[in-house]
Amino acid sequence: MNVGVVAVQGDFEKHLNSLRATGREGLNLTEVRTPEELASVERVILPGGESTTVGLLMQRFGLGDALRQAASEGMPVWGTCMGMILMAKEIEGRPDQYSLGILDVTVRRNAFGAQVHSFEDEVSVKSLKDGSEDFASMGVFIRAPIVTRLGEGVEAISHYEEKVVAVRQGRLLGTSFHPELTEDVRFHEAFLDL
Ligand code: GLN
């Protein structure tokens, strides 16, 4: 299976490590910076980072258009934190900010406020696979966004203090927190099975 991680900026190395740590056989990992690299993978992760910078660079390299096209053709995409912001249809209060618009949600950036830049706490996550159990995972939140509107066909799969912090829309996944910064690879496994 060919899996890519968008490697323009941010914590893409951590995702590559977590994918390796799943121990899946036949996993072929690619750092994706260009439309050509994207064309060589079957699913892709958008990591955490700075959404304004990465959005501008993806737009400039043509990677944004290529990703939008791939997602519309059914490619599984998972965005963590910045990645989810970039996938969103709408960014609260920032109509000018570039995003792919593939995930029918509205996100609020830096939603936990200036005082709480980062924190860790347990989050419970709805199972991503029929017949498997919901699970608890450590949520690492770093200037994290939340989801404030869910479009049709979008399911909230995790809440934290009544805020939506993970969503699924078919083969698209978004999380406010960073499973790649923990030892827990169940999210990465679930993404590979999506
Ligand atoms: N606050 C960042 C942004 O809006 C996201 C932070 C992250 O990815 N850890 O781009």
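The notes below deal with the structure included here. (Residues numbered from 1 in each chain as written. Predicted model: local features only at pLDDT ≥ 70, side-chain atom pairs only at ≥ 80, totals over all residues. Heavy atoms only, no water.)

### Side note on the packing of aromatic side chains
What the rule picks out here adds up to 11 aromatic pairs. Between F119 and F141 the ring centres are 4.7 Å apart and the planes differ by 10°, which places this aromatic pair in the stacked class. With F119 in strand β7 (residues 118-125) and F141 in strand β8 (residues 135-142), the pair connects residues that are 22 residues apart, well separated along the chain. Residues F119 and F141 agree in their burial class; the two are buried. Feature note: the residues W78, F112, F119, F135, F141, Y160, F177, F187 and F191 constitute an aromatic cluster, connected by ring pairs. Over the ring of F191 we find R43; its NZ or CZ atom is 5.9 Å from the centre of that ring. (Phe/Tyr/Trp six-rings, centres within 6.5 Å; stacked < 30°, edge-to-face > 60°. Helix = DSSP H or I, 4+ residues; strand = E, 2+ residues; numbered from the N terminus. Buried < 20%, exposed > 50% of the residue type's maximum accessible area, 1.4 Å probe, protein only. Lys NZ or Arg CZ within 6 Å of the ring centre and 35° of its normal.)

### Considerations on the pattern of salt bridges
Taken as a whole and assessed by the stated rule, the structure comprises 10 salt bridges. We note a salt bridge from E92 to R108, for which the minimum N-O separation is 2.8 Å. With E92 in the loop between β5 (88-91) and β6 (103-108) and R108 in strand β6, this pair connects stretches of sequence that are 16 residues apart. Assessed through its relative accessible area of 32%, E92 is described here as partly exposed. Of the charged contacts, one joins R149 and D104 as a salt bridge, the two residues approaching to 3.0 Å between their closest N and O atoms. With a gap of 45 residues between them, R149 in strand β9 (residues 146-150) and D104 in strand β6 connect regions that are remote in the sequence. The buried category is assigned to D104, whose relative accessible area is 18%. Within this structure, E90, D104 and R149 form a network of salt bridges that share partners. (Salt bridge = Lys/Arg side-chain N within 4 Å of Asp/Glu carboxyl O.)

### Regarding the environment of D193
Tracing the chain through its elements places D193 in helix α6 (residues 186-193). When the C-alpha positions of D193 and R171 are compared, they lie 10.0 Å apart, and in sequence the two are 22 residues distant. If sequence neighbours within four positions are ignored, D193 has contacts with R24, R43 and K129. Here the side chain of D193 touches R24 through a polar contact of 3.1 Å, side chain to side chain. (Contact = heavy atoms within 4.5 Å. Polar contact = N/O pair within 3.5 Å; in protein donor to acceptor, adjacent residues only side chain to side chain.)

### Looking at helix α4 (residues 63-72)
Those residues of α4 lying buried are L63, G64, L67, A70 and A71. What you see down the axis of α4 is that its buried residues fit within an arc of 130°, all on one side. Those residues of α4 that are exposed and angled more than 90 degrees off the buried face are D65 and S72. In the segment just after α4, G74 is the residue with positive phi, at about 105°. (Arc of directions from axis to C-beta.)

### Brief notes about a negative patch on the surface
Judged by side-chain charge, D121, E122, E161 and E162 come together as a negatively charged surface patch. Within the secondary structure layout, E162 lies in the loop between β10 (155-160) and β11 (163-169). (Patch = residues over 30% accessible without salt bridge, like charges linked within 9 Å, V, L, I, M, F, W, Y side chains within 5 Å. Areas by Shrake-Rupley, 256 points an atom, 1.4 Å probe, with all protein chains shown as cover. Lys, Arg positive; Asp, Glu negative; His and termini not counted. Charge placed at Lys NZ, Arg CZ, Asp CG, Glu CD.)

### Here we look at the site of the ligand
Looking at the ligand, the residues that line it are G48, G49, E50, S51, C81, M82, I85, R109, N110, I142, R143 and H178. One of the side-chain nitrogen or oxygen atoms of R109 is found 2.6 Å away from an oxygen atom of the ligand. For the ligand, a nitrogen atom lies 3.1 Å from a polar atom in the backbone of R143. For the ligand, the accessible surface in isolation is 300 Å², of which the surrounding protein chains cover 97%. Across the shell around the ligand, the residue classes tally to 4 nonpolar, 5 polar and 3 charged. (Near = heavy atom within 4 Å. Nonpolar A, V, L, I, M, F, W, Y, C, P; charged D, E, K, R; others polar.)

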